[in-house]
Amino acid sequence: MSGPALRQLAAHRSIHEAAHGQVKDMTASLRLLYEKGREEEGRKAEKVILEHWSDHIIAHADSEEEGLYLDVRKERPELSDTITQLKRDHDLLRKIAGAIEENLEADGSADERLVMYESLLVVNWHHSRDEEKYLLGES
Ligand SMILES: [Fe+2]
Ligand SMILES: [Fe+2]
């Protein structure tokens, strides 16, 4: 998920949509597990969800910062502030995912983690739309 695909709106958007749809569905399933009191399965599911965030969405963010964002900053210096804002979104995703991991390891509250999973989804949804709009020409 790097190189030329990230520079094309349709290809890049489909990467966003596929990854987002998966974590959204996984979060809905996780909520059901906890609603039914299936704690042990819930904790196992969370490890899979966190891995998914890391391997698909945060890895995608890392590769943008190492490639696409550097190129855009060079080619369109007027977008420098926008790039800074988009990188802040990536940082929020990393921070929230890290906070969930810590909470899980410390045997914290599943309700608190569910709120944080929803926050990840909200940040990621707006981030993806802004990236498509400002960097890839979606109006
Ligand atoms: Fe991004
Ligand atoms: Fe992206």
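The rules behind the values
- Residues numbered from 1 in each chain as written.
- Chains lettered and ligands numbered in written order.
- Predicted model: local features only at pLDDT ≥ 70, side-chain atom pairs only at ≥ 80, totals over all residues.
- Heavy atoms only, no water.
- Helix = DSSP H or I, 4+ residues; strand = E, 2+ residues; numbered from the N terminus.
- Contact = heavy atoms within 4.5 Å.
- Areas by Shrake-Rupley, 256 points an atom, 1.4 Å probe, with all protein chains shown as cover.
- Lys, Arg positive; Asp, Glu negative; His and termini not counted.
- Charge placed at Lys NZ, Arg CZ, Asp CG, Glu CD.
- Donors = N, O, S within 2.8 Å, 3.2 Å for Na, K, Ca; no water.
- Buried < 20%, exposed > 50% of the residue type's maximum accessible area, 1.4 Å probe, protein only.
- Salt bridge = Lys/Arg side-chain N within 4 Å of Asp/Glu carboxyl O.
- Expected span 1.5 Å × (residues − 1).
- Polar contact = N/O pair within 3.5 Å; in protein donor to acceptor, adjacent residues only side chain to side chain.

Looking up the protein in an unreviewed UniProt entry gives the name Hemerythrin HHE cation binding domain-containing protein, with the organism given as Salinicoccus halodurans.

A. View of the overall build of the protein. Check the secondary structure of the protein and you find five helices and zero strands. Going from N to C terminus, the protein has its helices and strands arranged as α-α-α-α-α. On the principal axes, the C-alpha backbone points of the protein span a range of 50 × 25 × 25 Å. Long-range pairs, those at least 24 residues apart, make up 71% of the contacts in the protein between residues at least 6 apart in sequence. Here the protein has roughly 7,900 Å² of accessible surface; of this, 51% comes from carbon and sulfur atoms. Of note, the protein has its 19 positive side-chain charges centred 2 Å away from the centre of its 30 negative side-chain charges.

B. Molecular detail of the coordination of the iron ion (ligand 1). Within the protein, the iron ion (ligand 1) binds to Glu64 (OE), His90 (NE2), His127 (NE2) and Glu131 (OE); these donor distances fall in the range 2.1 to 2.2 Å. Sequence spacing among the residues donating to the iron ion (ligand 1) works out to E-x25-H-x36-H-x3-E. The distance between the iron ion (ligand 1) and the iron ion (ligand 2) comes to 3.7 Å, and Glu64 binds to both of them. Of this pair, His90 sits in helix α4 (residues 80-105) while His127 sits in helix α5 (residues 110-135), and the two are 37 residues apart along the sequence. Overall, His127 belongs to the buried group, its relative accessible area being 3%.

C. Broad picture of the pattern of salt bridges. What the rule picks out here adds up to twelve salt bridges. The partner of Glu41 in a salt bridge is Arg38, with the nearest N and O atoms 2.9 Å apart. Take Glu41: its relative accessible area is 40%, and that puts it in the partly exposed class. Among the ionic pairs, Asp107 bridges to Arg43, the shortest N-O distance being 3.0 Å. Pair noted here: Asp107 is in the loop between α4 and α5 and Arg43 is in helix α2 (residues 39-66), with a separation of 64 residues, a long-range link. A residue is classified by how much of its surface remains accessible, and Asp107, at 55% relative accessible area, is exposed. Through salt bridges with shared partners, one network takes in Asp62, Glu65, Asp91 and Arg94.

D. Highlighting the coordination of the iron ion (ligand 2). At the metal site, the iron ion (ligand 2) is ligated by His12 (NE2), His16 (NE2), His60 (NE2), Glu64 (OE) and Glu131 (OE), and these contacts range over 1.9 to 2.2 Å. All donors of the iron ion (ligand 2) belong to a single chain; written as a sequence motif, their spacing is H-x3-H-x43-H-x3-E-x66-E.

E. Expanded view of α5. Over its 26 residues, α5 extends 36 Å from the first C-alpha to the last, a length consistent with the 38 Å expected when each residue adds 1.5 Å. The N-cap residue of α5 is Ser109: its side-chain oxygen and the backbone nitrogen of Asp111 are 3.2 Å apart.

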